[in-house]
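Residue-level listing of the chains:
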Amino acid sequence: MEDLVLTIPTQDLGIMETLANRMGWTVRSKRSIVQKFIDSCPKTPMMTDEEIAAEVNAVRYGK
């Protein structure tokens, strides 16, 4: 399969979705792709704000 990005007028989206369904293709919008990424992110952070600040300081300033 090959990913393809099309920019089409909103009023033509229905036609493209119908064609995609008939051809067995998958239609995803940028919004749905971003939402899928957000949904896949962990709900609880792995580091506290203080730990992140300490890591940034260690890398930037060697502290």
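Quick note: structure is the one above.
Residues numbered from 1 in each chain as written. Predicted model: local features only at pLDDT ≥ 70, side-chain atom pairs only at ≥ 80, totals over all residues. Heavy atoms only, no water.

A.B. asks: An account of the environment of V34 is needed here, citing residue identities and associated values.
C.D. replies: Take V34: it is sitting in helix 2 (residues 30–40). Separated by 33 residues in the primary sequence, V34 and M1 place their C-alpha atoms 20 Å from one another. (Helix = DSSP H or I, 4+ residues; strand = E, 2+ residues; numbered from the N terminus.)

A.B. asks: Outline a nonpolar patch on the surface, supporting the account with residue identities and numerical values.
C.D. replies: The grouping of L4, L6, I8, L13 and V27 at the surface amounts to a nonpolar patch, some 460 Å² of accessible area in total. One can find L4 in the segment before helix 1 (13–23). (Patch = residues over 30% accessible without salt bridge, like charges linked within 9 Å, V, L, I, M, F, W, Y side chains within 5 Å. Areas by Shrake-Rupley, 256 points an atom, 1.4 Å probe, with all protein chains shown as cover. Salt bridge = Lys/Arg side-chain N within 4 Å of Asp/Glu carboxyl O.)

A.B. asks: Account for the pattern of salt bridges, with residues named and values stated.
C.D. replies: Evaluation of the coordinates by the stated rule reveals one salt bridge. Here D3 and R28 are joined by a salt bridge, their closest N and O atoms 3.8 Å apart. Linking D3 in the segment before helix 1 with R28 in the loop between helix 1 and helix 2, this pair joins segments that are 25 residues apart in sequence.

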